[in-house]
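Structural features, examined
One letter stands for each residue in the lines below.
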Amino acid sequence: MTENETEQIDLSDETKTKLQQYRENFAAQSWYEVDPRLTNVLRLVFGVGMEAEDGAIDMTVLVDGQMISGKVVSEAAWAKAQADFVREASDYLATGLDAFQELKAEQTSKLEQDEAANPLLKGQVRYIHFSGPKVHNHGGFPVTLAPTRVDIRDVSAWSIGSVDYEG
């Protein structure tokens, strides 16, 4: 496969069904538990549609008992950092990742359909995108992760600013 060629990914009917069920479950979930202050902060930095690519803010969140701290970036910046990280690891994986980028238009179209069917989804912030965050585990040293995204519904606590660890 050359650099400009991409392989078409065919999803099984079972996988398509699972993806559809996931989208429906996501749309059905209530957003009343998501802290509106958190979504407002993210919208101030990245715009109402989360479209601002150059915004960034240091943030600390608590997810499933784990503290994650670092720079929050736009989805576009996160995707680029993630792709760069994968390219460093493997050219073969990078080619596969590029193939998935072609599915983005299809996913965007489906998101627009989901938002049209369920107005509560319109403009909802779904993820927090970290660029190289640190996970601070209990009593141990912080672990730096690759670009990571966190489902905003899983955030149980948050604050502006990163935690600096002096060991």
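Below is a short write-up of the structure.

Moving on, we come to helix α3 (residues 75-89). Compared with an ideal rise of 1.5 Å per residue, which puts 15 residues at 21 Å, α3 spans 21 Å between its outermost C-alpha atoms and is within 8% of the ideal. For α3, the complete set of buried residues consists of W78, A83 and V86. The buried residues of α3 occupy an angular sector of 130° when projected down its axis, which confines them to one face. Pointing more than 90 degrees away from the buried face of α3 are the exposed residues K80 and E88.

Attention shifts here to the environment of A76. Tracing the sequence through the fold places A76 in helix α3. Measuring from C-alpha to C-alpha, the distance between A76 and E53 comes to 6.1 Å, with 23 residues separating the pair along the chain.

On to the pairing of strand β1 (residues 56-63), then. Pairing of β1 with strand β2 (residues 66-73) involves eight bridges; the strand directions are antiparallel. The partner of V63 across the bridge, within β2, is Q66. Counting the residues that bridge the hairpin from β1 to β2 gives two residues, and of these D64 lies at a positive phi of roughly 50°. In this structure, β1 lies alongside strand β6 (residues 155-160), joined through five bridges in antiparallel fashion. Considered in β6, the bridge of L62 is made with A157.

Conventions used here
Residues numbered from 1 in each chain as written. Predicted model: local features only at pLDDT ≥ 70, side-chain atom pairs only at ≥ 80, totals over all residues. Heavy atoms only, no water. Helix = DSSP H or I, 4+ residues; strand = E, 2+ residues; numbered from the N terminus. Expected span 1.5 Å × (residues − 1). Buried < 20%, exposed > 50% of the residue type's maximum accessible area, 1.4 Å probe, protein only. Arc of directions from axis to C-beta. Pairing = 2+ DSSP bridges.

No statement about biological role is implied by the geometric values presented.
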